[in-house]
Amino acid sequence: ALARFDELLTAVLVVALLLLIGVYLPSNARRSYSGPAHVLDGDSLVVGAVETRLKGIDAPEIGQFCLLDRKPWRCGEAAKSALHGAIAGRNVTCDGEGRDLYDRVIAVCRIGERELNREMVEKGWAVAYGAYQAQEKTAKEEEQGVWASQFDRPEHWREMFKGT
């Protein structure tokens, strides 16, 4: 009976150890995931159940306004709508690695062969933020999206309106 108890205790300890390892594995591990997407703003979405930040881009914030012909317009809402339109109810596949300050997975996301990160910058609804500089340059030259207006880069806008 004592041998059985030892085996049971060992089994329980092994399972507990495996659970602990699973919980404390680095959340920076590379992973792919896909599913229906819910757009939060122009550079973040929830794919399946995974809150995701699009890597290498920065879109205007939801509350951000830009100026077009000296009139304010909701460029942050427009960026969100552009991402929503690009997804159009289709499943999104993401390759994520690492997490941001808000614990979102940082990822490159696609619909089929279309890369959403690149497309948001190409169409002028996000600026380059560590990647996609060539796409930003083209969008700016062609006055695509926010480049048709005057605007603060999202990181500068956040800095100006931090805590408000």
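Cut-off values and rules
- Residues numbered from 1 in each chain as written.
- Predicted model: local features only at pLDDT ≥ 70, side-chain atom pairs only at ≥ 80, totals over all residues.
- Heavy atoms only, no water.
- Helix = DSSP H or I, 4+ residues; strand = E, 2+ residues; numbered from the N terminus.
- Buried < 20%, exposed > 50% of the residue type's maximum accessible area, 1.4 Å probe, protein only.
- Contact = heavy atoms within 4.5 Å.
- Areas by Shrake-Rupley, 256 points an atom, 1.4 Å probe, with all protein chains shown as cover.
- Phe/Tyr/Trp six-rings, centres within 6.5 Å; stacked < 30°, edge-to-face > 60°.
- Salt bridge = Lys/Arg side-chain N within 4 Å of Asp/Glu carboxyl O.
- Polar contact = N/O pair within 3.5 Å; in protein donor to acceptor, adjacent residues only side chain to side chain.

(A) The arrangement of the overall build of the chain in detail. Along the backbone of the chain there are five helices and 11 strands. Relative to its 164 residues, the chain shows a buried fraction of 37%. Counted over contacts in the chain with a minimum sequence separation of 6, partners at least 24 positions apart contribute 53%. Accessible surface, the chain: about 10,300 Å² in total, of which carbon and sulfur atoms supply 56%.

(B) Up close: the packing of aromatic side chains. Using the criterion set out here, one finds three aromatic pairs in the structure. With a centroid separation of 4.8 Å and 80° between ring planes, the pair formed by Trp147 and Phe151 is classed as edge-to-face. Ring plane angle 35° and centroid distance 4.8 Å describe the contact between Trp157 and Phe161, whose orientation is recorded as tilted.

(C) Molecular detail of the pattern of salt bridges. In total, this model carries 12 salt bridges according to the counting rule given. Across the pair Asp95 and Arg110 runs a salt bridge, and its minimum N-O distance is 3.7 Å. Of this pair, Asp95 sits in strand β8 (residues 92-99) while Arg110 sits in strand β9 (residues 105-111); the two residues are 15 residues apart in sequence, bridging distant segments of the chain. Judged by its relative accessible area of 25%, Asp95 falls in the partly exposed class. In this structure, Glu136 and Arg153 form a salt bridge, with 3.0 Å as the shortest nitrogen-oxygen distance. Taken together, the residues span a long stretch of sequence, with Glu136 in helix α4 (residues 133-141) and Arg153 in the loop between α4 and α5 (154-160) at a distance of 17 residues. For Arg153, a relative accessible area of 23% corresponds to the partly exposed category.

(D) The arrangement of the side chain of Glu115 in detail. Residue placement: Glu115 occurs in strand β10 (residues 114-115). Only 2.3 Å separates the side chain of Glu115 from the side chain of Tyr132, close enough to count as a polar contact. Beyond its immediate sequence surroundings of up to four residues, Glu115 is in contact with Val108, Cys109, Arg110 and Tyr132.

(E) Up close: unusual backbone geometry. The phi dihedral of Asp69 falls on the positive side, at around 50°, and the residue is not glycine. Given a relative accessible area of 66%, Asp69 falls into the exposed group. With phi around 65°, Tyr132 is a residue other than glycine that occupies positive phi space. Of note, Tyr132 is situated in the loop between β11 (127-128) and α4.

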